[in-house]
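Letter by letter, the chains look like this.
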Amino acid sequence: QVQLVESGGGLVQPGGSLRLSCAASGIIISSYYMTWYRQPPGKQRELVGSLTSGGSANYVDSVKGRFTISRDDAKNTMYLQMNALKAEDTAVYYCNAAHFGWAPTQDYQYWGQGTQVTVSS
């Protein structure tokens, strides 16, 4: 059974830091294309950044230089280190693991349940 479980969210003041975790079971995340998404209140889900199976990370401009995606293969866990947090970072954060097959019908992905991050003074 495949599960992705996010944790580490909470309330933090502007300028503070949080580290989110995405613990996986049933899959080995080093073999998947891993992505962090977020959904601000009243808005659609948006991309934060991704980590390839080869360890290459990419980020949207709004978080570049502040957020870092990494993984711990021994713990089968992906992380999102968030520094210099802003009120605009307030959202539910989700992790995603994706597989791309030989044809579009062979593609599939898994989602976590999300963890709330609130940045406020």
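Every chain begins its residue count from 1, and numbering advances along the sequence as written. For a predicted model such as this one, the threshold for reporting local features is a pLDDT of at least 70, and the threshold for listing and counting side-chain atom pairs is 80 or more; totals across whole chains, interfaces and linings nevertheless cover every residue. Heavy atoms throughout the structure, all of them, feed into the side-chain values; hydrogens and water do not.

Draft legend 1. Representation of unusual backbone geometry within the structure. Phi at Asn76 is positive, roughly 55°, even though this residue is not glycine. Put simply, DSSP marks the helices as runs of H or I at least four residues long and the strands as runs of E at least two long, and each gets a number from the N terminus on. With respect to the helices and strands, the residue Asn76 is situated in the loop between strand S7 (67-72) and strand S8 (77-82).

Draft legend 2. Structural view of the state of the cysteines. The disulfide criterion used throughout: a pair of cysteine sulfur atoms within 2.5 Å. The tally for this structure, following the rule as stated, stands at 1 disulfide. Sulfur-sulfur distance for the disulfide between Cys22 and Cys95 comes to 2.0 Å. When the S-S torsion is 55°, as for the bridge of Cys22 with Cys95, the disulfide is right-handed. Residue Cys22 is found in strand S3 (residues 18-25), and its partner Cys95 is found in strand S9 (residues 91-99); the two are separated by 73 residues along the sequence. Taken individually, Cys22 and Cys95 each receive the classification buried, so the pair is uniform in this respect. Residue burial is assigned from relative accessible area. The probe radius is 1.4 Å, only protein chains are included, and a residue is buried under 20% of its type maximum, exposed over 50%, and partly exposed in between.

Draft legend 3. Broad picture of the sheet that holds S3. Strands pair, by our definition, only if DSSP identifies at least two bridges between them. Ordered by their spatial adjacency, 4 strands build an open sheet running S1-S3-S8-S7, and the pairing between neighbours is antiparallel. At either margin of the open sheet sits one strand with a lone partner, and together these are strand S1 (3-7) and S7. Averaged over all neighbouring strand pairs, the angle between strand axes comes to 15°, with direction disregarded. Angles shown run from 0 to 180 degrees and are taken between the N-to-C directions of axes, each axis being a line fitted to C-alpha atoms and, for helices, limited to the stretch in contact.

Draft legend 4. Focus on the packing of aromatic side chains. Stacked, tilted and edge-to-face are the three classes applied to pairs of Phe, Tyr and Trp rings, where Trp contributes its six-membered ring and a pair requires centres within 6.5 Å; stacked means planes under 30 degrees apart, edge-to-face means over 60, and tilted covers the rest. Evaluated as defined, the whole model comprises 5 aromatic pairs. Ring centres of Tyr32 and Tyr108 lie 6.5 Å apart, and the angle between their planes is 70°; this geometry places the pair in the edge-to-face category. Note that Tyr32 is positioned in the loop between S3 and strand S4 (33-39) and Tyr108 in strand S10 (residues 108-111), a separation of 76 residues in sequence. Residue Tyr32 is classed as buried on the basis of its relative accessible area of 11%. Its relative accessible area of 36% is what places Tyr108 among the partly exposed residues. Between Tyr108 and Tyr110, the aromatic rings sit 5.7 Å apart at their centres with planes inclined by 75°, giving edge-to-face as the arrangement. Taken together through their ring pairs, the aromatic side chains of Tyr32, Tyr108 and Tyr110 make up a single cluster. Only when the NZ atom of a Lys or the CZ atom of an Arg is both within 6 Å of the ring centre and within 35 degrees of the ring normal do we say a charge sits over the ring. In this structure, Arg45 is placed above the aromatic ring of Tyr37, and the distance from its NZ or CZ to the ring centre is 5.4 Å.

Treat this as a map of the structure, not an account of what it does.
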